[in-house]
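Summary of the model geometry
Here is how the chains run, residue by residue.
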Amino acid sequence: MQQALQRDGHEEAPALQDDQTLDICIVGGGLTGLWTALQISGTEPSIRVGVVEADICGAGASGANGGFAMTWWPKFATLKKLMSTDDALRIAAASEEAVVQTGRFCETNGIDADFMPTGWLWTATNSSQMGSWDDTIDTLASAGASPFRVLAKEEVYEISGSERHLGGVFEAGVATVQPAALVRGLRAAALAAGVSIWEKTPMLDYEVTPRGVAVRVPGATIATSQLVLATNAWLARYPEIRRHLLVLGSDVIATASAPEQLASVGWTPGLAISDSRRLVHYYRPTKDGRVVFGKGGGRIGFRDHMNRSTWATALRGPEVIDQFRRTYPKLDGVAITNTWSGAVDYSSDSMPFFGRLAGSPRVHFGVGFSGNGVGPSYIGGKILASLALERDDEWGTSPMIRTPATRLPPEPLRTIGGWVVRTALRSKEAAEDQEKQPSALVRRLTHLDPTSFVG
Ligand SMILES: Cc1cc2nc3c(=O)[nH]c(=O)nc-3n(C[C@H](O)[C@H](O)[C@H](O)COP(=O)(O)OP(=O)(O)OC[C@H]3O[C@@H](n4cnc5c(N)ncnc54)[C@H](O)[C@@H]3O)c2cc1C
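Residues numbered from 1 in each chain as written. Predicted model: local features only at pLDDT ≥ 70, side-chain atom pairs only at ≥ 80, totals over all residues.

Within the protein chain one finds 14 helices and 18 strands. In terms of overall dimensions, the protein chain is globule-like: its C-alpha atoms have a radius of gyration of 21 Å, near the 23 Å expected for 455 residues. Projected onto its principal axes, the C-alpha coordinates of the protein chain cover approximately 65 × 45 × 45 Å. The burial tally for the protein chain puts 51% of its 455 residues in the buried class. Sequence separation of 24 or more characterises 77% of the internal contacts of the protein chain that already satisfy a separation of 6 or more. (Helix = DSSP H or I, 4+ residues; strand = E, 2+ residues; numbered from the N terminus. Rg over C-alpha atoms; globule rule 2.2 N^0.38 Å. Buried ≥ 20, exposed ≤ 12 C-beta atoms within 10 Å, placed from the backbone. Contact = placed C-beta atoms within 7 Å.)

Here you go:
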């Protein structure tokens, strides 16, 4: 985010001072909210659209993530459980197209977001992870799709530059981006398209009125016909969403820029890599020669406690640095310059869900990207735009408008259970990294984990 703000000059949009009337009010200036605004203004320029953002646009996960713009092909097996095979194929293909459209949007709008369509290596860093992709590939093959190419161990080493990788598969349709530059670029494009943006303007609450919705912010009210809630993990404040949403931290580090050392390692520029553990490791080289390395499955969100500074602090910084050093020992001399964290909105079935809140046909939400929202938020924007415009088109009737079948337990059981399962996962993964068998109890406990980055 620091880098992105340097690039765009960081001019803050004013906070809202006076009452406003809008056709569509979007709460949340992340990728989801801004794509929604851009979709609406792109197709219905006469509609008055406004975005209210509690902090500055990009201050949430969109400006803090690992920068993988992925597809939903690795989630195909889950998609197939949620909808017909044809729908699953269509949605997964749309997610691949979303990555293409993101790159195209950057190009057309002069957004300098380091978009690199260089693909993703889904790999194994210990023998227990080998073949983690087999079921996905088989399920895809039975539906006639083959987005992954299985690589020989030598090829994996050649493109990743690390001997820690024992095997893997490659998906060409994935890109990497400087995520904060992307979200700030969308903000600039939305402003240019006539969207009103108010930063440092938190929505306090809203009330459904006979003619629309009244959105209350400090010192003012917005009267709007339709309300879109695109506040990601902050949507945990609504019990009907919270029962399907688990908020988990992800910790990230970035190194100093060291393009020559990186080139000597042989890591394909821009190539996104993740391993196959549940507490996933994900890493990529940036365009300016840094490494960004992250680890999922960290801090467990209690109820709807979403204090910003708490979530920004990486609890496992030293552990992530250690994993990076183990994966790329040849980069030992390269300094770590940044460590941060953010909240990830895992749905109870690891796919996002969209809908209307509290039975009101005017209040729409989208949440649950489960660590894969950079590319799919483009689809989220299409769905939310169609819902707010009351369109019965492909997006307004998408199978992603749904309620996940699985309900998570209430607090404090959820946090206690989450802690037990995460402890078991850590123990299992530590054993597997030493090529040892975790105990039967540990293995059984890990099966209770509802979250998943792939699969
Ligand atoms: C550390 C980390 C790494 C990740 N890595 C990846 C990755 O590599 N690839 C990938 O695809 N996904 C990744 N993700 C997930 C991805 O970042 C998210 O899915 C995506 O950014 C969600 O966008 P969003 O707009 O829905 O949410 P956000 O970007 O969180 O936006 C929500 C916005 O709502 C605002 N807000 C909240 N409450 C209010 C309120 N009351 N009033 C007004 N505004 C409010 C917040 O300030 C915030 O700006 C990662 C997430 C994290 C945290």
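Now for the domain arrangement of the protein chain. Domain parsing of the protein chain yields domain 1 (2-388) and domain 2 (413-446). Domain 1 puts 10 residues into the contact, and the matching count from domain 2 is 11 residues. Class assignment for the residues of the side of domain 1 that touches domain 2 results in 4 nonpolar, 4 polar and 2 charged. (Domains from an automatic or database assignment. Nonpolar A, V, L, I, M, F, W, Y, C, P; charged D, E, K, R; others polar.)

Close to the ligand lie 41 residues; Gly30, Gly60, Gly66, Gly342 and Gly373 are nearest. Contributions of two or more residues to the shell around the ligand are made by α2 (31-43), β12 (245-255) and β16 (336-347). Of the residues that constitute the shell around the ligand, the class distribution is 19 nonpolar, 20 polar and 2 charged. (Near = placed C-beta within 6 Å.)

A separate point is the sheet that holds strand β15 (residues 291-295). With respect to topology, 8 strands assemble into an open sheet ordered β5-β6-β4-β13-β14-β15-β12-β16, the strand pairing being mixed. Whereas interior strands pair on both sides, the edge strands pair on one side only; in this sheet they are β5 (148-151) and β16. Each adjacent strand pair in this sheet contributes to an overall mean axis angle of 20 degrees, direction not counted. With 4 bridges connecting them, β12 and β15 associate as antiparallel partners. Counted as the bridge partner of Ile253 is Phe293 from β15. Against the sheet, helix α11 (residues 317-327) makes contact with β12, β14 (281-285), β15 and β16, and its axis sits at roughly 120 degrees relative to β15, the strand it touches most. (Pairing = 2+ DSSP bridges. Axes fitted to C-alpha atoms, helices over the stretch in contact; angles between N-to-C directions.)

Okay, helix α12 (residues 377-388) next. Here α12 contains 12 residues, and its C-alpha end-to-end distance of 16 Å stays within 8% of the 16 Å for a straight helix at 1.5 Å per residue. For α12, the buried fraction is high: 12 of the 12 residues fall into the buried class. Three or more residues of α12 are buried, namely Ser377, Tyr378, Ile379, Gly380, Gly381, Lys382, Ile383, Leu384, Ala385, Ser386, Leu387 and Ala388. On its buried face, α12 is in contact with β1 (20-27), α2, α4 (85-108), β11 (220-229), β17 (353-356) and β18 (363-367). Backbone geometry just downstream of α12 places Glu390 in the positive-phi region, at approximately 55 degrees. (Expected span 1.5 Å × (residues − 1).)

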